[in-house]
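Summary of structural features
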Amino acid sequence: MSAKILKTAALTLPLALLLSACATGSPAPGGSGSADAAPETVKIGVVGAGDPYWKTYVDAAADAGITVDLVDFSEYTQPNPALSAGELDLNQFQHIIYLATYNVQAGDDLVPIGSTAIYPLGLYSQKYDSVADIPAGETVAVPNDESNQARGLLVLQSAGLVKLKDGGSTLSTVADVLDGSKVKVEAMDAAFTATSLPDVAAAIINNDFVKDAGLSFDDAIATDDPSDPSAFPYINIFAARAEDADNPTYAKLVEIYQNTQAVLDGADEASGGTAVFVKTPAADLVTSLHDVEADIRDNQ
């Protein structure tokens, strides 16, 4: 991670973290932005709309006069292009680094408008009860998208399973796994790391796919630390098109998520009690996004 990202994280994250136990522009098309206006409909793309807290969120938004139409996606690669194309108004599924990687690769300018939570990333196994039990030379699966691949590799390094070039960073890839590492690493689509468990020693599995694989978050044999200041770029966000960054209806939807206890409780339950909720100013999220984008461009 670059010094400027760490600086932003160190200054902001400790002030922004709200543990789950403590959590309590112009109008969208067709809306006037006034309290007396007819309910607006806002399309929000998510991954995992079947989680019960999303219905709680939709109901809370309806109580505030906003109709939310959830659009569910099965793969992380889909919601950002859909948002950019105008098929969605917002999405909420990704962290800052994922958005930065997408923006740089696609030449896009999507922006974060609000924070939700940081979730630890876990290593799971059906064959071994601990990291120490994994024999040398075995294969471990990690997601193949750049941001989650790097984060997964850092988890493996912290667990003593791999050594990464230059100590690793938020831009590490499997090509940076050094000879002499304890295990071999295979990258695959994030949706398939869980289903690979019968064939590998262990796998990094994104939170959205843990329960679908019949696993519990308590089954993780290693995780990263979401409360560490270096985790700032892994804050999950609501994202919008740049021209909608100041849309008051969208800002209200962020506030509803952050301030509705039933939503937070549901999201925490869906994460197996691992969520660390944050209320980070949008300006700080944008600064972190731009810093990560700059790092990605500098390393291309």
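Residues numbered from 1 in each chain as written. Predicted model: local features only at pLDDT ≥ 70, side-chain atom pairs only at ≥ 80, totals over all residues. Heavy atoms only, no water.

Take Ser-271: it is sitting in the loop between helix 8 (261–270) and strand 13 (276–278). For Ser-271, a relative accessible area of 2% corresponds to the buried category. Other than its neighbours up to four places away in sequence, Ser-271 contacts Tyr-119 and Phe-217. (Helix = DSSP H or I, 4+ residues; strand = E, 2+ residues; numbered from the N terminus. Buried < 20%, exposed > 50% of the residue type's maximum accessible area, 1.4 Å probe, protein only. Contact = heavy atoms within 4.5 Å.)

Here the focus is the sheet that holds strand 4 (residues 90–95). Taken in spatial order, the 5 strands of this open sheet run 3-2-4-12-5, and their pairing is mixed. Two strands bound the open sheet, and with one partner strand each, they are strand 3 (66–72) and strand 5 (111–115). Each neighbouring strand pair of the sheet contributes to a mean axis angle of 35°, computed without reference to strand direction. Across the face of the sheet, helix 4 (residues 96–106) comes into contact with strand 4, strand 5 and strand 12 (236–240) while running at roughly 110° to strand 4. (Pairing = 2+ DSSP bridges. Axes fitted to C-alpha atoms, helices over the stretch in contact; angles between N-to-C directions.)

Read from one edge to the other, the open sheet built from 5 strands follows the order 9-8-10-7-11, with strand pairing classed as mixed. Edge positions in the sheet fall to strand 9 (184–188) and strand 11 (222–223), since each of these pairs with one other strand and no more. Two strands pair when backbone bridges link them, and strand 7 (residues 122–124) and strand 10 (residues 202–205) are joined in this way by 3 bridges, in the antiparallel orientation. What sits directly across from Gly-122, in strand 10, is Ile-205. Lying on the sheet, helix 5 (residues 146–158) is in contact with strand 7, strand 8 (139–143), strand 9, strand 10 and strand 11; it crosses strand 8 at an angle near 145°.

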